[in-house]
Amino acid sequence: MAVFDVLQRQLVYFPMRGPVRSARRYAESARDITLTTDDGLTLGAWWFPASGPAGLDRATAVLFTPGNGGHREGRAPLFLTLARHGFSVLGLDYRGYGENAGTPSEAGLAADARAAVAWIRGAGYGPERTLYLGESLGTGVAARLSTTHPPAGLLLRSPFPSLLDVGRHLYRGLPLERLIGDRFDTSTHLADCPVPVSVLRGERDGIVPSALSAQVAHGIPHLLEDIEVPGADHNDAIWYGEFVAEALDRLAAATTAG
């Protein structure tokens, strides 16, 4: 079993380890924060308060659950853009990523996300003022979190029905049912989701094929948008700027309509 655990981590998780620079390197108002998980870990994360023009503040928090590679510094341009759109953003790094101790796993990432939403609640943002923004693997984290801590809405970038579906695309011929115990069953978690959900997907995504993201969108009961970006691959610059922020604007408007 220990051998399978090691192989799974090598196939699924690609953390960038080491120190992460202070959030204040990117914005004077940003803060380095610490999250405490229910299994006893402390995690470094960032908080970017809303910094929109003329003091725009939507009084809405965004929990960003990242994909399986790098660490939060690689997402700084997105956090800055969302803050300029009036959102306050918690940029999460999972256990084993950046300077954080621990070893990533599906259960562990779920605990990390619970710690993040607990911090957001402590900062004064209730569920009706919280949105989840999941990226790739993080869409599975956000979908699972929504079953126990529902937000006002979710924006999912490059989601997949189950991690096994992605594995079958990337690792043809391997006995994945034996090698990968972490399933991230996004579609199952979203099947009864009561809030608006938007899906963004890249036409030429080489990691999570657009067709897999379309399957997720098809099963969402309250789908707000399903947008395929022509020519976009998995890590293109479009996913870290205005395009995503504008989709989040529309989601926020839908959650407050009426």
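Quick notes on the rules
Residues numbered from 1 in each chain as written. Predicted model: local features only at pLDDT ≥ 70, side-chain atom pairs only at ≥ 80, totals over all residues. Heavy atoms only, no water. Phe/Tyr/Trp six-rings, centres within 6.5 Å; stacked < 30°, edge-to-face > 60°. Helix = DSSP H or I, 4+ residues; strand = E, 2+ residues; numbered from the N terminus. Buried < 20%, exposed > 50% of the residue type's maximum accessible area, 1.4 Å probe, protein only. Polar contact = N/O pair within 3.5 Å; in protein donor to acceptor, adjacent residues only side chain to side chain. Contact = heavy atoms within 4.5 Å. Pairing = 2+ DSSP bridges. Right-handed = clockwise from strand over helix to strand, strands pointing away. 1 Å grid on protein atoms, 1.4 Å probe; cavity = no way out; pocket = protein on both sides within 12 Å on 5 of 7 lines; lining within 4 Å. Points joined across faces, edges and corners; volume = space filled by probe spheres on them.

(A) Fine view of the packing of aromatic side chains. All chains considered together, the criterion is met by 9 aromatic pairs. Their ring planes at 55° and their centres at 5.0 Å tell us that W47 and W119 sit as a pair that is tilted. In this pair, W47 is assigned in strand β3 (residues 42–48) and W119 in helix α3 (residues 106–122), connecting sequence segments 72 residues apart. Like W119, W47 is buried. Feature note: the residues Y26, W46, F48, F64 and F79 constitute an aromatic cluster, connected by ring pairs.

(B) Focus on the side chain of T139. Its place among the elements puts T139 in helix α4 (residues 137–148). For T139, a relative accessible area of 0% puts it in the buried group. Of the polar contacts made by the side chain of T139, one reaches the backbone oxygen of S136; its length is 2.6 Å. In this structure, T139 is in contact with G134, L156, R157, S158, P159, F160 and T186, ignoring residues within four places of it in sequence.

(C) Looking closely at the pairing of strand β9 (residues 197–202). Taking burial as the measure, the 6 residues of β9 include 6 buried ones, the bulk of the element. Residues V197, V199 and R201 of β9 are buried on one face, and the alternating residues S198, L200 and G202, pointing to the opposite face, are buried as well. Where strand β8 (residues 153–157) meets β9, 4 bridges bridge the pair, whose relative direction is parallel. Bridge pairing links R157 to L200 in β9. The β-α-β motif built from β9, the intervening helix α8 (residues 210–218) and the parallel element strand β10 (residues 223–229) has right-handed crossover chirality.

(D) Local environment of the layout of surface pockets. One number sums up the size of the largest pocket: a volume of about 410 Å³. Residue lining of the largest pocket: 24 residues in total, with F14, N68, S136, I207 and H234 positioned closest to the centre. Contributing elements (two or more residues each) for the lining of the largest pocket: α1 (2–12), β5 (69–70) and α5 (163–170). Ranked by residue count, the leading element in the lining of the largest pocket is α5, at 4 residues.

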